[in-house]
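Structure at a glance
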Amino acid sequence: MKDTKKSSKSILGALALVLVAVLVAGTLILAHGSTCHGSEKTRINDLIENAKEYDGRNVMVEGEVVGDKLQRGEYVLITVNDDPYSKQSIPSGSKPKGVGNIGIGVWVPNNKAKEISVPGSYERQGQYVRIEGVFNRACAEHGGDMDIHAENVEILKSAHLIRHHIQFWKLLIVLVLSSITIALLLAVRRPAKKIE
Amino acid sequence: MIFAPLREDLKLIGWGIGHVILGVGAIMLIPLGVAALSSEWNVALDFAIGILTCLIFSLTTELTCHSEKDFSWSHGLIVAAAGWIVAMVLGAIPHYLSGHFGSYLDACFDLMSGYTTTGLYLLQDLDHASNGLNMWRHLLTYVGGQGIIVFTLTFLFAGTAGAFKIYVGEGKEEKILPNVIQTARAIWIISLTYLIVGSAALWISLSFEGMSPGRSLLHSIWLFMGAWSTGGFAPQSLNLLYYHSFLVEILTMVIFVIGSFNFALHYAVWQGKRSEIVKNVEIRSFATTVTITALIMGIGMQKMGTYGNALSVFRKGFYNLVSAHTTTGNNTIYATSFIKEFGFIAMWATIIAMAIGASACSTGGGFKGFRMGILYRSIRWDVRRMVSPESSVVVEKIHHIKDIFLDDRMIKSAMTIILCYVAVYVVGGILGIMYGYSPSVAFFDAVSAASNTGHSAGLVSPGMPVLLKIYYIFAMWAGRLEFVSVFALGGMIVSLYRGERLKRTLR
């Protein structure tokens, strides 16, 4: 009888421990979730569309650095795109996907921006990065801009040059059109007349 | 009775359009040069194809349509209206060949948007676009701001009475100087002077904001062209938000406000008549409507509470409002922010600002300040007549370079054009609603297109319905040409089928 009581006590004790552990873990997860959207990647479009919800929270975005690396005092300002062209741009062979670019300005502290060096452009596919930082719906520090203040930056993929091979079919069209133009010029056989 | 156009009429129109297209081909030489300097050889080939096609078109019209006759009013209007359409189709060649467009229609949309200084675009992956393509986009809007016809008149026509009729067809009625060719050249001198000064200021500020000298030089020229022409194009997809720079925003705002003023006003000020800035009806109208719409926007933004300090309200609210009012379309926010962050009231304040628009004979669109001035004065005139003794003669005048006495014809003409704009805005809005967009979004983008502004609340995208793309092209074109030329072209097409074929002779 005593044993049964003991064992039921220990079961109750274990259950209480589990309950406390679950409660503590739950609280921690919820608390973590309120300041950071976990280690889950957030799409930039979601941030723009639900800016009020994400305002002031820690977020993580992944995308291509495009345009310029602008030095602004203690920060470097970059633009990160996570649209379909962030992995393969149109100049590097992607077909138009029916959408435009989707990007956001990211303020990176100088000490964390050293590795960012090659933004994407016509000539190259830029570095692909992971940014963790605070999202601002209307950043008071930066004139109401929607931006991210980065806390961590990780280079996921390095940049690479896009090889632009001459498209010979275009060259052929130029040759054909040039021939037609010369023929027409000869046919006109007079200087272009001006009105009056 | 409608007269069917004669063969001679069609030849003359064809020959005029050929000249306009020669102008388009000539403009393409600049992006070709930029592409070559940037070692973008495929892009250079795109422009070579575009130039040669324009040349072939122009030479063919020279062969088949050459005429010694002079333009009548209807010829001039039709050349202007049809010339823009042909210029759009042929100008879209380098766009389409770039691979950045889902269809040729999309490329045409961007071309019309550029020529009409609207600034809406369907180009995909702008952030990876070449220097050559970006130069073409911005040059289009810069030349379109002065007018393709003005460009052609400046550089390709020797000058006739007929040339003035084509000039008027492009939505510009004012002769700054007695000769229309001199007027066209004066417009270009004003624009090129500002280009040098404005680009230099932007270049310095962009360099100061951390951009490399080479990139900032190109960006400064493009930003100037976009702002001055009230086109609102920018080389990056985030538009002005890309730079996150108060300095650049202030400079572009100054540029697009000056760009939205009447060229006749510019010329008067250049001639030393500085008091014109205070007295001019368009400036007064602009100041009044900006103040009213800014107040409405302020109320709306306060209600939403998104932007917490005065600087943010200025950079997000006032900047985008003035950009809308001058029909520029440069923006410092995302498209959907107009709905989500501005809210209903501020969004409709922006729509009203876009609908009113800039000055007549400027690079801008919309009803125009001149017509708003006439509208206001005509109401005041009516009130004054009502309260005055029957025997008294009540006159009302407006000041635009000189004092102009208001008459019923002037009021009727202004009202007709305003009504045309309203009709195009409403039809576009209803079409958008029929496709399932919310009324605010549908009207926002429809007004933006027809007033040649370029702000978007998210409707304009490569995936928008084809019918809406076609309607928006029409709205941009008709709005830019202020309808008269479009009516003339429509009349000619009708008369081709239904007109009486009488023997007439052209002068």
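In this structure, the second largest pocket encloses a volume near 850 Å³. N101 of chain A together with Y121, S237, A335 and V460 of chain B are the residues nearest the centre of the second largest pocket, which is lined by 33 residues in total. Looking at the lining of the second largest pocket, the element that brings in the most residues is helix α2 (residues 44–49) of chain A, giving 3 residues. Residue composition of the lining of the second largest pocket, grouped by class: 15 nonpolar, 17 polar and 1 charged.

Reports of interface size often rely on the accessible area that becomes lost once the parts have come together. Taken together, the contacts link 67 residues of chain B with 65 residues of chain A. Seen at the junction of chain B and chain A, the total is 7 salt bridges. As a salt-bridge pair, D68 of chain A and R215 of chain B come within 2.6 Å of each other at their nearest N and O atoms. Seen at the junction of chain B and chain A, the total is 26 residue pairs in polar contact (both at pLDDT 80 or more).

Bringing the environment of R498 of chain B into the picture now. Residue and element names in this part refer to chain B. In this fold, R498 is placed in helix α22 (residues 484–498). When its relative accessible area of 69% is taken as the criterion, R498 is described as exposed. Separated by 494 residues in the primary sequence, R498 and A4 have C-alpha atoms spaced 7.1 Å apart.

Residues and elements named next belong to chain B. Phi is positive for T117, which is not a glycine, with a value near 60°. Tracing the sequence through the fold places T117 in the loop between α5 (104–115) and α6 (131–146). The buried category is assigned to T117, whose relative accessible area is 0%. One non-glycine residue, F483, adopts positive backbone phi at about 75°. Tracing the chain through its elements places F483 in the loop between α21 (466–481) and α22.

Attention now moves to a nonpolar patch on the surface. A contiguous nonpolar surface patch, about 410 Å² in accessible area, is contributed by I166, F168 and L171 of chain A together with W41 of chain B. Note that F168 of chain A resides in helix α4 (residues 168–188).

Bringing the pattern of salt bridges into the picture now. Here the structure, examined in full by the defined rule, presents 21 salt bridges over all chains. For E209 of chain B, the salt bridge goes to R72 of chain A, with nearest N and O atoms at 3.2 Å. Within this pair, whereas E209 of chain B is found in the loop between α9 (180–208) and α10 (213–228), its partner R72 of chain A is found in strand β1 (residues 58–72), the two belonging to separate chains. Classification of E209 of chain B as buried rests on a relative accessible area of 12%. If you follow the salt bridges from partner to partner, you end up with K41, E62, R130 and E154 of chain A in one network.

Thresholds, definitions, all that
- Residues numbered from 1 in each chain as written.
- Chains lettered and ligands numbered in written order.
- Predicted model: local features only at pLDDT ≥ 70, side-chain atom pairs only at ≥ 80, totals over all residues.
- Heavy atoms only, no water.
- 1 Å grid on protein atoms, 1.4 Å probe; cavity = no way out; pocket = protein on both sides within 12 Å on 5 of 7 lines; lining within 4 Å.
- Points joined across faces, edges and corners; volume = space filled by probe spheres on them.
- Helix = DSSP H or I, 4+ residues; strand = E, 2+ residues; numbered from the N terminus.
- Nonpolar A, V, L, I, M, F, W, Y, C, P; charged D, E, K, R; others polar.
- Contact = heavy atoms within 4.5 Å.
- Salt bridge = Lys/Arg side-chain N within 4 Å of Asp/Glu carboxyl O.
- Polar contact = N/O pair within 3.5 Å; in protein donor to acceptor, adjacent residues only side chain to side chain.
- Buried < 20%, exposed > 50% of the residue type's maximum accessible area, 1.4 Å probe, protein only.
- Patch = residues over 30% accessible without salt bridge, like charges linked within 9 Å, V, L, I, M, F, W, Y side chains within 5 Å.
- Areas by Shrake-Rupley, 256 points an atom, 1.4 Å probe, with all protein chains shown as cover.

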